[in-house]
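# What the coordinates show
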Amino acid sequence: MNGQRVNDPVIEWLDADTVQVRQPKASHWEAPFLYLLFGRERALLIDTGATADEAVFPLRATVEGLIADWLRRNPVVFTRPYPLVVAHSHAHGDHIAGDPLLRDRPGTTVVGTSPAEVIGFFGFRAWPDESVAFDLGRRVIDVIGGPGHEPSAVVFFDRRTGILFTGDTVLPARLYVRDLAQFRATIDRLIRFRDDPPAPVRELRGAHIEMSTTGFDYPAGTVDQPDEAPLPLRPGILDRVRSALDDLRGEPGERVERKRFVVVLDR
Ligand SMILES: [Zn+2]
């Protein structure tokens, strides 16, 4: 035993100021990935997981522990309470359910989940065909309009790590296309961003893994995924998603399968 309990989050520091947190499969089969990014002025949490029950997935305790850790290592940051902004890749339940656990946290702003609230908070003026800069303090995050899977979806780009946080839009999983025209426009927008970026785009990290290493997708509801594909995707995946969208004929429920993802027309 390594002391890990089944519903403890799986925590990975991607660098000294960036944490990837996975809600464990044992607590919810969706097992979404969350990200916590630290800047000099504030931190950004992307998504809050699939449950509002701290006993099922200890989101609040995890976030408190990570922030305390980081502040201990960064004594020059002396604002108390250290501000936390909680935003979302999109408004589906498995990405926002934990919001109530953080709403009363001192210094914390939980961004609303409607398109109007997302547009207003980040200051989009030409939604969705735009990206806006959001500064965490010596760390700029670009927020890119990303509807198509869900109307309020955004993609976050971290100039520091070069990671595009793509939520449920591009990930090693089923890409559920709810609005094909908007989804296609979002992929085109991400391709343009990738090809003319404010800093090099190194990889994409989405919010789930549903693919195996051998290229099949685990059915919805699967808890045990012994042969999971890795989460990060190379920037070139965007071109493959674009071409898979072109292969759709427009039938509801239709699937277009690729090695790293499956496009599903979900309408
Ligand atoms: Zn979703």
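Let me begin by describing the structure that accompanies this report.

Within the structure shown, the criterion is met by 12 aromatic pairs. Here the aromatic rings of Tyr35 and Phe165 are separated by 4.5 Å at their centres, their planes lie at 50 degrees, and the arrangement is tilted. In this pair, Tyr35 sits in strand 3 (residues 33-38) while Phe165 sits in strand 10 (residues 163-167), placing the two residues 130 residues apart along the sequence. Residue classification places Tyr35 among the buried positions, given a relative accessible area of 2%. Classification of Phe165 as buried rests on a relative accessible area of 2%. With centroids separated by 5.8 Å and ring planes inclined at 55 degrees, the aromatic side chains of Phe121 and Phe134 adopt a geometry described as tilted. Note that Phe121 is positioned in helix 4 (residues 115-122) and Phe134 in strand 7 (residues 131-135), a separation of 13 residues in sequence. Exposure remark for Phe121: the relative accessible area of 31% places this residue in the partly exposed category. We classify Phe134 as buried; its relative accessible area is 8%.

Here we take up the pairing of strand 9 (residues 154-158). The buried count for strand 9 comes to five of five residues, which makes it a mostly enclosed element. Both faces of strand 9 are covered, namely the face carrying Val154, Phe156 and Asp158 and the face carrying Val155 and Phe157. Here strand 8 (residues 140-145) runs beside strand 9; their pairing, made up of five bridges, is antiparallel. Bridge assignment links Val143 to a residue of strand 9, and that residue is Phe156.

Now for the coordination of the zinc ion. Within the first shell, the zinc ion binds the protein through His90 (NE2), His92 (ND1), His149 (NE2) and Asp168 (OD), at distances of 2.1 to 2.4 Å. Every donor counted, the four donor atoms about the zinc ion form angles of 84 to 171 degrees at the centre, which fits irregular coordination.

Attention shifts here to the environment of Pro32. Take Pro32: it is sitting in the loop between strand 2 (18-22) and strand 3. When its relative accessible area of 0% is taken as the criterion, Pro32 is described as buried. C-alpha of Pro32 to C-alpha of Ile209: the two residues are 177 residues apart in sequence and 8.1 Å apart in space. Contact partners of Pro32, with chain neighbours within four places excluded, come to Val21, Arg22, Gln23, Gly49, Ala50, Asp94, His95, Ala207 and His208.

Parameters and conventions
- Residues numbered from 1 in each chain as written.
- Predicted model: local features only at pLDDT ≥ 70, side-chain atom pairs only at ≥ 80, totals over all residues.
- Heavy atoms only, no water.
- Phe/Tyr/Trp six-rings, centres within 6.5 Å; stacked < 30°, edge-to-face > 60°.
- Helix = DSSP H or I, 4+ residues; strand = E, 2+ residues; numbered from the N terminus.
- Buried < 20%, exposed > 50% of the residue type's maximum accessible area, 1.4 Å probe, protein only.
- Pairing = 2+ DSSP bridges.
- Donors = N, O, S within 2.8 Å, 3.2 Å for Na, K, Ca; no water.
- Tetrahedral: all angles 85-135°; square planar, octahedral: opposite > 155°, others 65-115°.
- Contact = heavy atoms within 4.5 Å.

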